[in-house]
Amino acid sequence: MTSGLGFALLALILSGPTAAFVPIGGVASTHISITGAALLQKVMETCQSLAEAAGHEFKPTGSSPGELVQACLGPTASGEVSGVKFHSALQEIYTQNGLVDRNFVNSAPHHFNSEKFLEGRNLITDGLASIKANVRVENFKSARETLGKILHTLQDFYSHSNWVELGYTKPYAALIRRDLPLENLADIDTATCSDCCIGGCHNTILQNILNEKKLTSGYMGIFSADKPEGKCSHGGQADLTSTVAPRGGINKDESRADNAAFHDVAVNAATVASLQLLEDIRLTVGNNDFLRLMGIARSSVVCFVIDNTASMSDDIDEARKVVYKIIDSKKGTQDEPSEYILVTFNDPSFGPLFRTTDPEKMKTEISKIEATGGGDLPEMCLSGLQLALTGSPASSHIYVFTDATAKDINLKNTIVALIRSTKSTVSFYITPSRRRQRRSVRTASFDDYRDLALASGGQAIHVSKSQLAQATDVILDTSTSALVTVYQRTRDPGKPETFPFVLDESLQNITIYITGSSIAFTLTNPEGISQSNTETTGALAFIQTVGNLRRIRIKADKQPGSWKISINSKQPYTIKVTGQSIITFIYDFVENFKGPHPGYAVLSGLPQAGQPATLILGVMGRKGPSSISVENVSLVVPNTGAESNGIATEMGNGDILVTFAAVPAGEFVVTLKGTDKVSGNVLQRQSTTQLSVSKVNIQALVDRSVEPGEHFNLPFSVMTQGPGGTFSISGKNDRGFPMLYPLSLTLTTGAYTNGVLTITPPSNTSSGTDVTVTLEAKSPNNVDSNYAVLRLSVLTKITDFVQPVCEVINVLSDDCPQDISQCKFFEWELSANLTDGNGTGIERISLRQGNGTLSYTSLSAKSIQASYNASCCSQIVEFVAIDEVGNVGKCYHSIQRSAGNAISSSSFLSLGLCLLISGWNVKR
């Protein structure tokens with residue numbers, strides 16, 4: 001990679017000044033800058049390593065996320081590849097990093113304030129263990145959320161302590177290794193600072209503290225000025241302790257005249273420390289899963305939720321054929337799914353969730369499904385869908401096959417909350433059965449599936465079992481890379497109407513879907529050429545009708561510009577226009593928060609009614625965000641067309657802050673209109689998930705992982721801006737874990753009322769499992785409600801923090817010639833013993849550097865003998881050993897010769913200390 005491109009990629013992530021350790025939401029965002037620099041460097045290193053192993057170049061053609069992802073995926077990604085999942089993954093990490101300053105503003109360990117070094121280190125190491133356990137069971141979202149939090153805490157150490165004042169420029173290795181001692185800490189009775197009465201004092205830390213290399217950090221008081229006598233303060237207007245002698249502060253959050261040099265050293269040390277932590281994760285989980293953690297994968301994830309009762313045998317056969325067709329037709333292309341997910345349901349059972357990245361394993365699994373039982377009609381459809389929504393990556397496309405209504409209709413609000421939280425699209429393939437209807441507490445209907453499909457931007461397709469094969473072409477359309485929604489509207493009741501939409505030059509494989517009965521339509525292109533629904537093959541498109549679905553495939557020679565489709569029907573109908581393009585956007589509704597480091601926090605539920613709504617929107621163009629000119633962002637009600645326009649403010653990084661003075665009544669979507677600077681085309685895009693506003697607000701915070709068999713208390717608070725009264729509370733989780741919570745809370749307008757939800761994972765729950773809890777509060781008249789969606793990680797308590805150990809027994813390299821041109825005729829060998837002491841045992845050993853052959857004896861042995869032999873042309877070897885809980889040891893040896901002498905070294909080295917060169921530089 002050229003240095004110019006490397007800096008361009010960094011600029012893409014890190015646009016704007018980097019002056020302060022402050023959270024998401026401002027241009028001076030060094031926490032984001034540090035995190036982004038480390039993430040991007042580690043991603044590029046990983047992509048480079050995989051490219052070298054595969055024998056091809058890692059050479060991005062430009063600086064956009066899509067171009068980076070495309071280069072990382074290699075030659076199989078021959079077409080345009082979207083970078084949206086990579087961008088979204090980074091945003092998840094940044095968001096959680098920034099939220100530490102809101103959610104844990106008064107927690108000293110989360111910021112290494114008030115000399116809480118041991119407690120802060122434990123947060124980091126516990127978080128590392130949780131990330132590794134999550135990735136092991138492919139819970140990448142939970143891992144990203146934890147990663148953002150612990151990176152913030154790690155980075156704060158270098159700004160909030162006196163580490164750099166003590167003369168240290170490299171990271172403190174003990175912060176990510178609990179087996180190393182935290183040494184020379186100042187005790188509670190040791191004075192550490194002198195008084196700074198006039199402000200702007202240069203280095204108020206006492207000279208004896210500096211001479212003795214005592215480690216201290218500033219005390220921080222948000223609500224109280226109390227601190228031990230003689231102790232340093234953090235400093236700043238929000239720190240009440242800074243007005244009590246010794247006054248002043250030692251934080252290096254911002255670059256000021258009195259601390260500029262220390263600030264710069266702290267930023268560099270925090271960046272290298274972040275790299276070390278990421279390298280520890282990468283070595284543990286491997287290159288491929290590290291990239292999946294970062295959202296770098298082919299865009300599509302294929303997820304099927306299938307009713308496997310007896311009457312579904314034809315449907316199951318068709319779903320099986322579709323899976324086989326997807327696998328066989330898209331293998332080796334950029335449209336090959338990155339993951340396959342399968343959930344089955346009937347009554348009373350559902351699940352488990354099966355997931356794999358191996359297409360052959362998916363074929364095998366779906367071939368095992370047998371249609372049995374199910375004499376009564378309602379099935380556990382929504383329970384299966386809940387499992388799919390919580391187990392699939394965000395923005396997934398989920399396809400549900402059923403011929404029955406939902407028995408578990410009480411989960412409908414939970415499903416809507418999960419759809420809104422994950423922004424996933426759910427489509428239903430409904431083949432109504434004649435099975436006997438069974439009474440339930442609330443009789444469900446197929447209209448419930450239509451409601452859920454509309455909420456997600458999906459479709460509810462009603463077909464006979466004999467027509468199902470034709471309807472499943474929609475799955476082939478949507479299980480693809482870089483899928484975007486251009487336009488979507490609903491009408492209920494139906495009425496004759498003309499719908500205008502814009503197609504731009506970047507769009508490929510454009511398809512219009514209309515669902516409804518008694519539909520007539522006319523499609524017109526920018527030149528005025530029209531085609532009616534009666535022309536199955538016309539001048540503009542190929543039209544397919546099956547059941548209540550019309551699938552209109554626009555011909556490849558489409559004209560960019562303003563199109564329209566006129567629909568004539570008095571029955572309810574939906575229209576949706578999609579295509580493939582890497583020009584897209586992501587968004588989150590946010591609320592601002594105050595404090596020492598103000599910023600924006602992503603809403604977990606619905607925006608507040610009667611107040612301005614704010615969202616942060618990230619734009620992706622073909623050549624990065626700067627290649628798109630955004631002209632309008634609006635909120636549109638799909639059923640009426642009512643529209644509210646926002647006021648946009650550039651934030652840097654390609655992010656735009658959009659504020660809406662008023663939000664339209666009813667459910668709404670986000671639309672973007674602008675210009676593609678590459679082609680000069682006008683373009684439009686639309687979100688799929690429908691949102692609304694609420695006068696109810698729920699706040700809840702997950703502050704740690706939970707142990708199997710342990711009761712976990714989750715405090716929450718509920719407030720309403722509407723009329724008070726008795727609000728019903730409901731809680732659901734996707735694992736069926738036992739929960740206790742108040743069934744109701746009495747609210748007073750404008751005041752929060754507190755409650756506690758207690759959840760208990762069974763003692764046999766696997767470490768790394770995550771559980772998604774959906775908490776809902778509903779007004780007394782059931783008209784208004786809101787929700788919070790929270791993820792908890794279940795982690796078995798870890799007591800093994802010691803790295804595996806390597807002892808090199810013998811090196812035979814004397815035959816290697818000093819003349820490197822003769823190296824291919826000679827070989828060298830190394831032998832070593834690997835042990836894990838009294839730890840959990842070595843789980844795997846892998847070669848990280850070197851082109852030779854590594855072999856080793858049984859991993860179950862207490863002492864493992866490893867042998868390595870290579871050509872004298874390959875003069876460096878590095879291999880890693882990972883134990884059962886993810887502790888990493890690295891063994892490095894070199895036979896490189898200089899001036900006739902062999903330079904060699906070997907031992908397991910502290911993670912990251914041996915191979916980082918000049919902090920920021922990639923090892924190339």
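The coordinates are above.
Residues numbered from 1 in each chain as written. Predicted model: local features only at pLDDT ≥ 70, side-chain atom pairs only at ≥ 80, totals over all residues. Heavy atoms only, no water.

What the protein chain contains, in helices and strands, is 17 helices and 42 strands. Relative to the 2.2 N^0.38 estimate, which gives 29 Å for 924 residues, the radius of gyration of the protein chain is 29 Å and therefore close to what a compact globule would have. When its C-alpha atoms are laid out on the principal axes, the protein chain stretches across 85 × 75 × 55 Å. Taking all 924 residues of the protein chain together, 57% fall into the buried category. (Helix = DSSP H or I, 4+ residues; strand = E, 2+ residues; numbered from the N terminus. Rg over C-alpha atoms; globule rule 2.2 N^0.38 Å. Buried < 20%, exposed > 50% of the residue type's maximum accessible area, 1.4 Å probe, protein only.)

Attention now moves to the state of the cysteines. In this structure the tally under the stated criterion is 4 disulfides. Note that C193 is cross-linked by a disulfide to C232, the S-S spacing being 1.9 Å. The disulfide joining C193 to C232 has a torsion of about 95° about its S-S bond and is therefore right-handed. In this pair, C193 sits in the loop between α7 (140–160) and α8 (207–211) while C232 sits in the loop between α8 and α9 (260–285), placing the two residues 39 residues apart along the sequence. You'll find C193 and C232 in the same group, each marked buried. C816 shares a disulfide with C872; S-S distance 2.0 Å. Looking down the S-S bond of the C816 and C872 bridge, the torsion is -75°, so its handedness is left-handed. Of the two residues, C816 sits in the loop between β33 (805–812) and β34 (827–835) while C872 sits in the loop between β37 (863–871) and β38 (876–883), which places them 56 residues apart along the sequence. Pair check on accessibility: C816 and C872 agree, each one buried. For C381, which is in no disulfide, the shortest distance to another cysteine sulfur is to C303 and amounts to 12 Å. (Disulfide = S-S within 2.5 Å.)

With that settled, the discussion passes to the packing of helix α2 (residues 30–54) against α9. Orientation of α2 relative to α9, taken along the N-to-C sense of each, is 40°, at an axis distance of 9 Å. Of the possible angle classes, the one that applies to α2 and α9 is oblique. In terms of crossing hand, the pair formed by α2 and α9 is right-handed. Of the residues in α9, those in contact with T30, I34, A37, A38, L39, Q41, K42, E45, T46 and S49 of α2 are V267, A270, T271, S274, L275, L278, E279 and R282. Among the residues making up the contact of α2 with α9, the classes are represented as 8 nonpolar, 6 polar and 4 charged. (Axes fitted to C-alpha atoms, helices over the stretch in contact; angles between N-to-C directions. Parallel < 35°, antiparallel > 145°, perpendicular 65-115°, else oblique. Left-handed = near helix turned anticlockwise from the far one by under 90°. Contact = heavy atoms within 4.5 Å. Nonpolar A, V, L, I, M, F, W, Y, C, P; charged D, E, K, R; others polar.)

Here we take up α2. In this model α2 runs 36 Å from its N-terminal to its C-terminal C-alpha over 25 residues, within 8% of the 36 Å that 1.5 Å per residue would give. Within α2, 20 of the 25 residues are buried, which leaves the element mostly enclosed by the surrounding structure. Just downstream of α2, G55 is the residue with a positive phi angle, here 80°. (Expected span 1.5 Å × (residues − 1).)

Attention now moves to the packing of aromatic side chains. Considering all chains together, one arrives at 20 aromatic pairs under this definition. Considering the side-chain rings of F157 and Y172, the 6.0 Å spacing of their centres and the 35° angle between planes classify their relative orientation as tilted. Note that F157 is positioned in helix α7 and Y172 in the loop between α7 and α8, a separation of 15 residues in sequence. For the pair shown, F157 and Y172 are each scored as buried. Centroid distance W163 to Y172: 4.5 Å. Interplanar angle 20°. Geometry classified as stacked. Note on Y172: relative accessible area 13%, which makes it buried. Among the aromatic residues, ring-to-ring pairing joins F112, F117, F157, Y158, W163, Y168 and Y172 into one connected group. Of note, K363 hangs over the ring of Y324, and the distance from its end group to the ring centre comes to 5.5 Å. Note that K423 overlies the ring of Y587, its terminal NZ or CZ placed 4.9 Å from the centroid. (Phe/Tyr/Trp six-rings, centres within 6.5 Å; stacked < 30°, edge-to-face > 60°. Lys NZ or Arg CZ within 6 Å of the ring centre and 35° of its normal.)

Quick look at helix α12 (residues 359–367) now. For an α-helix, 3.6 residues make a turn, and residues three or four places apart therefore share a direction. For α12, the set of buried residues is P359, M362, K363 and I366. When α12 is viewed along its axis, its buried side chains cluster within an angular range of 100° and face the same direction. On its buried side, α12 packs onto β1 (301–307), α11 (313–330), β2 (339–345) and β3 (354–356). N-capping of α12 is provided by D358, with a side-chain oxygen placed 2.9 Å from the backbone N of E360. (Arc of directions from axis to C-beta. Polar contact = N/O pair within 3.5 Å; in protein donor to acceptor, adjacent residues only side chain to side chain.)

What follows covers the side chain of E318. Inspection of the secondary structure puts E318 in helix α11. At 4.6 Å, K321 is the nearest oppositely charged side chain to E318, a buried residue that forms no salt bridge. Other than its neighbours up to four places away in sequence, E318 contacts L468, A469 and T472. (Lys, Arg positive; Asp, Glu negative; His and termini not counted. Salt bridge = Lys/Arg side-chain N within 4 Å of Asp/Glu carboxyl O.)

On their own, these measurements won't tell you what the molecule is for.
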